[in-house]
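Below are the chains, spelled out letter by letter.
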Amino acid sequence: MANDIDNDIAVLCQDVHRDFQDGSRVIRVLRGTDLEVRKGEFVAIVGASGSGKTTLLNLIGGLDRPTSGKIFVDGIEITALDDEEMAEMRRNKIGILFQDQYLLPVFTALENVQVPMLLNEVRAKERERRAMELLKAVGVDHRAHHMPHELSGGMRSRVALARALANDPAILLCDEPTGDLDHKTGGEIIRLMRDLAKKHNRAVLVVTHDPEVARMADRILLLRDGKLVEELVSRFFKPSGVDVTVARDPDSRSSAPTEG
Ligand SMILES: Nc1ncnc2c1ncn2[C@@H]1O[C@H](COP(=O)(O)OP(=O)(O)O)[C@@H](O)[C@H]1O
Ligand SMILES: [Mg+2]
């Protein structure tokens, strides 16, 4: 195989480890995580609380660096970049939709969506045109001039999604994006994210606890014992299948349920 990565691969993680120091104790969170996500793919990551899902998204998003291992985003080895190059990468290639990234309260929806474009020095006219187009794509253009507090939770999520897409990122990373939304609204947001991924050939990675969200994904990956394993959709839904809500003993991996 050639040295350069296949053009269709949006995210590639190779043997990624991430340790955290907790006083004198070392917590080994990621322990040889491998991942390959192709452009246009919508992948759900599930796993017990504390299994390292957010840690993994932070690494792929260039917000943190692995203890060892390589990460490529859109063909670029981000683990080899310096801080300045990494910041540029985040601005241009990576869209982030995390729950703790609230809209700026003193700006309208339209202005919030333009914030990432300010950093990229997009001209004012173009900025506003593009922001409006994005608000339209997520179905809230009729609220463009409203302040965040005048919008419902679902609408705010849509605006945040538009903002995450402002710089036309190659990958969109979402950490439990539907966490504080009602079921119906959450489903709509996810469907929207999936459609936007397909339409623009983006890779979308969503961390979720919600089986309904996971079911909409092209693939479900389970983070367990610091590694990602492919999870069958059917298994994820069987009552006797994997329960992602509780941590598991690494050695107690039960065999797949047998059914006639
Ligand atoms: N910056 C940090 N310093 C120390 N420990 C951390 C840090 N970030 C995460 N951890 C630990 O790593 C583990 C995984 O955390 P996290 O990635 O947030 O899990 P998840 O998102 O799957 O719930 C947890 O035990 C958490 O306490
Ligand atoms: Mg988390």
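Conventions we followed
- Residues numbered from 1 in each chain as written.
- Chains lettered and ligands numbered in written order.
- Predicted model: local features only at pLDDT ≥ 70, side-chain atom pairs only at ≥ 80, totals over all residues.
- Helix = DSSP H or I, 4+ residues; strand = E, 2+ residues; numbered from the N terminus.
- Buried ≥ 20, exposed ≤ 12 C-beta atoms within 10 Å, placed from the backbone.
- Core = buried A, V, L, I, M, F, W, Y, C linked by C-beta atoms within 7 Å.
- Contact = placed C-beta atoms within 7 Å.
- Pairing = 2+ DSSP bridges.
- Axes fitted to C-alpha atoms, helices over the stretch in contact; angles between N-to-C directions.
- Near = placed C-beta within 6 Å.
- Nonpolar A, V, L, I, M, F, W, Y, C, P; charged D, E, K, R; others polar.

**Considering the overall build of the chain**
Then step 1. A count of helical and extended segments in the chain gives eight helices and 10 strands.
Then step 2. Going through the 260 residues of the chain one by one, you find that 39% of them count as buried.

**Let's talk about the nonpolar core**
Then step 1. Counting residues in each nonpolar core, the largest one holds 64 residues, and the members touching the most others are Ile171, Leu172, Leu173 and Leu205.
Then step 2. Beyond its immediate sequence surroundings of up to four residues, Leu172 is in contact with Gly95, Leu97, Ala164, Leu165, Met193, Ala197, Arg202 and Val204.

**Description of the sheet that holds strand E9 (residues 219–224)**
Then step 1. An order of E6-E7-E8-E3-E9-E10 is seen for the six strands of this open sheet, with the pairing classed as mixed. Edge positions in the sheet fall to strand E6 (94–98) and strand E10 (227–231), since each has one partner strand and no second. Within this sheet the neighbouring strands show an average axis-to-axis angle of 20°, counted without direction.

**Observations regarding the site of ligand 1**
Then step 1. Taken together, the neighbourhood of ligand 1 is formed by Phe20, Asp22, Ile27, Val29, Gly47, Ser49, Gly50, Ser51, Gly52, Lys53, Thr54 and Thr55.
Then step 2. Elements supplying a minimum of two residues to the shell around ligand 1: strand E1 (9–22), strand E2 (25–38) and helix H1 (53–60).
Then step 3. For the shell around ligand 1, the element with the highest residue contribution is H1, accounting for three residues.
Then step 4. Partitioning the shell around ligand 1 into residue classes produces three nonpolar, seven polar and two charged.

**Topic: the environment of Lys136**
Then step 1. Note that Lys136 resides in helix H4 (residues 124–137).
Then step 2. Among the residues examined, Lys136 registers 13 C-beta atoms within 10 Å and is labelled partly exposed.
Then step 3. A sequence separation of 23 residues divides Lys136 from Val159, and the C-alpha atoms of the two residues are 9.9 Å apart.

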